[in-house]
Amino acid sequence: MITSSSSPPPTLLSTPTKPSHTLSQRVHIPSHVYTHPSALLLELSPTLQELRQILPLVLKTGLYNEHLFQTKLISLFTKHGALADAVLVFNPIEPKIDALYHTMLKGYAKFSSLEDSLLFFRRMKLDSVRNVVYNFTYLLKCCGDNFELRRGREIHGQVIVNGFGGNVFAMTSVVNMYAKCRRIDDAKKMFDRMPERDLVAWNAIVAGFAQNGRAVRALELVLEMQEHGQQPDSITVVTVLPACADIGGLRIGRSIHGYVVRGALGSLVAVCTALMNMYSKCGMVGVARLIFDRMRERNVVTWNSMIDGYAESGDSEEAIKLFEKMMGEGFEPTDVTIMGALQACADLGDLRRGRFVHELAKETGLEADVSIRNSLIAMYSKCKEVDIAVKVFKNTKGRTLVSWNAMILGYAQNGHANEALNLFCKMCQEDVTPDSFTMVSVVSAVAELSILRQAKWAHGLAIRSCLGRNVFVVTALVDMYAKCSGVHIARKLFDMMDVRHVMTWNAMIDGYGTHGLAKSALELFEKMLRGDVKPNGVTFLCVLSACGHTGLVDEGLHYFNSMKHDHGLEPGLDHYGSMVDILGRAGRLYEAWNFIQSMPVEPGISVYGAMLGACKIHKNVELGEKAAERLFKLEPNEGGYHVLLANIYATASMWDKVAHVRKLMKRKGLQKTPGCSLVELGNEIHTFYSGSTTHPQSKRIYAKLLELGDEIKAAGYVPDSNSIHDVEDDVREQLLNSHSEKLAIAFGLINTSAGTPIHIRKNLRVCGDCHSATKYISLVTKREIIVRDMQRFHHFKDGICSCGDYW
DNA sequence: TTAGGGTTAG
């Protein structure tokens, strides 16, 4: 009989795996008690290295034939996952007792594939090994972990045949296997058939429902188990807390918290972690943090959960801080850690730290993991590094639907609508079935193209993919139709929806706003207030921008004030920016400036940008200079603001100041984003840049513009060349006449038949001269011209624009 | 040698 020493040196046992000590240093071996020194080592949780060192020794000695020693050795090797070494010991043993097989099977099930485990299991039958119940529990667990329903059913059959159908261990494993294979109803059937159900069995079925998205049922079962005399334990608690989080059941979550306190379960790491997770999922990340801070012991799941809690609640800065703290405390990051950190970097657009986390993923060997790669694609895309995202995507082995979705979204979010659609087609060619995430990205890519025909294609696609009723997809469709000048189709879709998300309302209100239909936007908003869906910060941005597009100053002020007073929403920088825009565009510049001075938060780019734009419209040099000064500090390298200031000076004929700004821009190497307009003809999109002559029809286009120029002048058009001064009059006109939207309009007129409306998409705001010219063009050509610029839609018809010259 | 249930994730 081999036993460990009755009183071994305590320091040795507390650090049994320290490799720097040799065997003889670690324990004093009284040779008269033990037949072989190796025997003792096996009792000391040896390292794999140590086991391998004694293996040759063991093979030579007589001890080798002791059953207990053999089984122990195999068990230790398999515990380390060293199956090959275990096989080395196992194969030459003759005769083999059953326990050897059982131990080997355990090793296979834990560390090898299901196939290998089943192969070994078959060999056991050939070798006439008697089956014990835990042979089946190992294999069932393996089936569940690998979602192998077919194999799982086979093993289930064998459990019955072998007479274990009434065994609570075996049947709990069967229940668990069906639940893991997403057959929760089969799991429940088996559970109901069990002759006796103990706490573990109840926990298994509760977990099954919780993990299959049946949160309410899981919670009901917790009540049922108590009616059957089973007291929920810490594992029950840890199992149902995620179910509470799923349904946002803060009240139930709190009552479970009470149960934890009463049952003194609050010192368990897993329990605290699950509680923390529940609170942050229910929007109480502060409470989660309190629990986190009070925990005496934390594991990697605790950290991951807290990091993710912050990332999900929008406090990405805190998520990163915590991640850095976790690394500082020496925790080894897992895939979930890296994913959480990458998401936080993505939300912050923090490329520097994003790269750092990527490096860390490389160092920890997690970089090849497909989930990590998906997060990397998302992070680089959010940081506007689409090329790097593409590289990661292309080098990803075993791409999942999530990988495709991340890349398609990455393209769509960075203005590469065509690439997004091309990648979507490629995905379909590879027989990957799109889901609602894919469809939302595809639909928003089409929205950016602003082509109604494409919009209808995307809509059809959504219906054919059986996603035509998914609330997120339909919300994207509403947004898309509004952006493709189909605002009435958008409303029809909106009215047909059974369930609407706050984003759905926002999309529709914003759609009305950008079309200058402020009255419809506000009516819809009031309707929303009468319903169940509460407005959020974005809703108010949409409402304010709708007011801004039509000059509804008093309404704007009213809604701005009601945001905090009636809805408890704190206005953000963008809301202040919108308010400055409303006041400024209405010409109430000093009021706007005072509004900025009274802001409780530090004004940002959106605020001063709105101010500067308003000063341009209303020709105010004094305030324009003040706003520009702040903007140049906040965003020194944005060419657009410099151009705005220069134009303000030009309007006031302050040419030396104009020259000064231009020089400043030259010194900094700044350029204004070039104007660009798109028009679709047939199946092709034609792109025009200001002054470009590269289009095959260029000559005809410029000739058409000359001809149109005469016609509209006769009708009353006067060129507005305020911002151009240092050239002759005819050159001024030429420069104005080569603006991208004019080129696009002329091209549209040449290539379409009389009466056809012309749709133009422009990347910047329409300039004053183009706006005036387009009105006259719509009059003399009797054409409807619809221009979607950066801010809104302009519907030109019979010499009038839908914006009422207010934009 | 000697069985079954749990927490983080687009």
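This structure is a prediction, so every number in the text was calculated from the model and none was measured.

Q: I would appreciate a short explanation of the UniProt feature "repeat: PPR" (unreviewed entry) in chain A in the present structure.
A: Feature annotation in UniProt places "repeat: PPR" (unreviewed entry) on residues 167-197, 198-232, 299-333, 400-434 and 501-535, given in this structure's numbering. Span residues 400-434 is 74% helix and 0% strand, its end C-alpha atoms 11 Å apart. In the segment residues 501-535, helix accounts for 74% and strand for 0%; the C-alpha atoms at its two ends are 10 Å apart.

Q: Help me understand the protein's contact with DNA strand B, please; the structure alone is not making it clear to me.
A: Taken together, 44 residues lie near DNA strand B, and Ala-99, Tyr-134, Asp-198, Asn-203 and Asn-405 sit nearest. Near the protein, meaning within 4 Å, the atoms of DNA strand B are sugar or phosphate in a fraction of 51%, with bases accounting for the rest. Note that a phosphate oxygen of DNA strand B is positioned 3.1 Å from one of the side-chain N or O atoms of Lys-180. In this structure, a phosphate oxygen belonging to DNA strand B sits 2.8 Å away from a side-chain N or O atom of Gln-211. No other element matches helix α13 (residues 199-211), which puts seven residues into the surface near DNA strand B. Of the residues that constitute the surface near DNA strand B, the class distribution is 21 nonpolar, 14 polar and nine charged.

Q: Honestly, the state of the cysteines in this entry has me stumped. Any pointers?
A: Linking two cysteines covalently through their sulfur atoms gives a disulfide. According to the stated counting rule, one finds zero disulfides in the structure shown. Cys-282 carries a free sulfur, and the closest cysteine sulfur to it, the one in Cys-244, is 7.3 Å from it. Residue class for Cys-282 comes out buried when judged on its relative accessible area of 18%. Of the cysteine sulfurs around Cys-676, a residue in no disulfide, the closest is that of Cys-770, at 13 Å. Given the relative accessible area of 12%, Cys-676 is considered buried.

Q: Even after reading the chapter, I still don't get the domain arrangement of chain A, so can you show me in this structure?
A: A common way to report how large an interface is uses the accessible area buried once the components associate. Taken domain by domain, chain A comprises domain 1 (572-672) and domain 2 (695-801). One C-alpha centre belongs to domain 1, the other to domain 2; they are set 27 Å apart.

Q: Would you mind going over the pairing of strand β5 (residues 793-797) with me for this structure?
A: Working note: regular strand, side chains alternate between the two faces of the sheet. The pairing of strand β4 (residues 785-788) with β5 spans four bridges and is classified as antiparallel. When the bridges of β5 are listed, Ile-786 appears paired with His-795. Connecting β4 to the antiparallel partner β5 that follows it, the hairpin turn spans four residues.

Q: Is there a simple way to explain the packing of helix α26 (residues 417-429) against helix α27 (residues 436-449) in this structure?
A: To characterise two packed helices, one gives the angle between the axes of the helices and the distance between these axes. Here α26 crosses α27 at 145°, and the two axes come no closer than 9 Å. The crossing of α26 and α27 is left-handed. Counted together, Ala-417, Asn-418, Ala-420, Leu-421, Phe-424 and Met-427 of α26 and Thr-438, Val-442, Ala-445, Val-446, Glu-448 and Leu-449 of α27 form the full contact between these two elements. A class-by-class count of the residues in the contact of α26 with α27 yields nine nonpolar, two polar and one charged.

Q: Honestly, a nonpolar patch on the surface in this entry has me stumped. Any pointers?
A: The grouping of Val-216, Ile-247 and Ile-252 at the surface amounts to a nonpolar patch, some 220 Å² of accessible area in total. Mapped onto the elements of the fold, Ile-252 is located in helix α16 (residues 250-262).

Q: Where do I start with helix α23 (residues 370-382) in this structure?
A: The α-helix winds at 3.6 residues per turn, so residues separated by three or four positions along the chain end up facing the same way. Here α23 is 13 residues long and its end C-alpha atoms lie 18 Å apart, about the 18 Å a rise of 1.5 Å per residue gives. Along α23, the positions that sit buried rather than exposed are Ile-372, Arg-373, Asn-374, Ser-375, Leu-376, Ile-377, Met-379, Tyr-380 and Ser-381. Sitting at the head of α23, Asp-369 places a side-chain oxygen 2.8 Å from the backbone nitrogen of Ser-371. Downstream of α23 by a residue or two, Lys-384 has a phi angle that is positive, lying close to 65°.

Q: Whenever I open this one, unusual backbone geometry confuses me. Can you help?
A: Glycine aside, residues mostly have negative phi angles, and peptide bonds mostly take the trans form. In this structure, Pro-95 follows Glu-94 across a cis peptide bond, with omega equal to -10°. The backbone phi angle of Ala-264 is positive, close to 55°, even though this residue is not glycine. With respect to the element layout, Ala-264 can be found in the loop between α16 and α17 (269-281). Exposure remark for Ala-264: the relative accessible area of 58% places this residue in the exposed category. Phi at Lys-384 is positive, roughly 65°, even though this residue is not glycine. Summarising the element assignment, Lys-384 is placed in the loop between α23 and α24 (386-394). For Lys-384, a relative accessible area of 65% translates into the label exposed.

Q: Sorry, what's going on with the pattern of salt bridges here?
A: Counted by the stated rule, this structure contains 35 salt bridges. We note a salt bridge from Arg-353 to Glu-324, for which the minimum N-O separation is 3.9 Å. Here the residue Arg-353 occupies a position in helix α22 (residues 351-363), and Glu-324 occupies one in helix α20 (residues 316-328), the gap between them amounting to 29 residues. Taking relative accessible area as the criterion, Glu-324 reaches 37% and is therefore assigned partly exposed. For the salt bridge of Lys-657 with Glu-625, the shortest nitrogen-to-oxygen distance reads 3.4 Å. Note that Lys-657 is positioned in helix α40 (residues 655-668) and Glu-625 in helix α38 (residues 621-634), a separation of 32 residues in sequence. Residue classification places Glu-625 among the partly exposed positions, given a relative accessible area of 27%.

Q: So what exactly am I meant to see when it comes to the confidence of the model for chain A here?
A: Detailed reading of the predicted model is not advised wherever pLDDT is low. Scored by pLDDT, chain A comes out at a mean of 88, with 92% of its residues at no less than 70. Scored below 50 in pLDDT, residues 1-34 shows 35 contacts in the model against residues more than four places distant or in partner chains.

Q: Help me out: how do you make sense of the sheet that holds strand β1 (residues 676-681) in this one?
A: Hydrogen bonds between backbone atoms are what pair the strands of a sheet, whose relative direction is either parallel or antiparallel. Spatially, six strands are ordered β2-β1-β3-β4-β5-β6 in an open sheet, and the strand pairing comes out mixed. Sheet topology places β2 (684-689) and β6 (800-801) at the edges, where each strand pairs with a single neighbour. Note: β5 against β6, two bridges, orientation antiparallel. Bridging from a neighbouring strand, Phe-796 pairs with Cys-801 of β6.

Q: Help me out: how do you make sense of the packing of aromatic side chains in this one?
A: Geometry of an aromatic ring pair is reported as the spacing of the ring centres plus the angle between the planes. As enumerated under the stated definition, the model contains 20 aromatic pairs in all. Centroid distance Trp-303 to Phe-331: 5.8 Å. Interplanar angle 50°. Geometry classified as tilted. Remark: Phe-331 occurs in the loop between α20 and α21 (335-348) and Trp-303 occurs in helix α19 (residues 300-312); sequence separation between them is 28 residues. Lying across the ring of Trp-404, Arg-399 places its NZ or CZ 5.5 Å from the centre. Looking at Arg-500, its charged tip hangs above the ring of Phe-494, at a distance of 4.6 Å from the centre.

Q: Would you mind going over the environment of Ile-750 with me for this structure?
A: Within the secondary structure, Ile-750 is located in helix α43 (residues 740-751). On a C-alpha basis, the gap between Ile-750 and Lys-704 in space is 7.8 Å, while along the polypeptide they are 46 residues apart. Those residues in contact with Ile-750 that sit more than four places away from it in its chain are Gln-697, Arg-700, Ile-701 and Lys-704.

Conventions we followed
- Residues numbered from 1 in each chain as written.
- Chains lettered and ligands numbered in written order.
- Predicted model: local features only at pLDDT ≥ 70, side-chain atom pairs only at ≥ 80, totals over all residues.
- Heavy atoms only, no water.
- UniProt positions renumbered as here; feature names shortened; annotations may be inferred.
- Helix = DSSP H or I, 4+ residues; strand = E, 2+ residues; numbered from the N terminus.
- Near = heavy atom within 4 Å.
- Polar contact = N/O pair within 3.5 Å; in protein donor to acceptor, adjacent residues only side chain to side chain.
- Nonpolar A, V, L, I, M, F, W, Y, C, P; charged D, E, K, R; others polar.
- Disulfide = S-S within 2.5 Å.
- Buried < 20%, exposed > 50% of the residue type's maximum accessible area, 1.4 Å probe, protein only.
- Domains from an automatic or database assignment.
- Pairing = 2+ DSSP bridges.
- Axes fitted to C-alpha atoms, helices over the stretch in contact; angles between N-to-C directions.
- Left-handed = near helix turned anticlockwise from the far one by under 90°.
- Contact = heavy atoms within 4.5 Å.
- Patch = residues over 30% accessible without salt bridge, like charges linked within 9 Å, V, L, I, M, F, W, Y side chains within 5 Å.
- Areas by Shrake-Rupley, 256 points an atom, 1.4 Å probe, with all protein chains shown as cover.
- Salt bridge = Lys/Arg side-chain N within 4 Å of Asp/Glu carboxyl O.
- Expected span 1.5 Å × (residues − 1).
- pLDDT = per-residue confidence, 0-100.
- Phe/Tyr/Trp six-rings, centres within 6.5 Å; stacked < 30°, edge-to-face > 60°.
- Lys NZ or Arg CZ within 6 Å of the ring centre and 35° of its normal.

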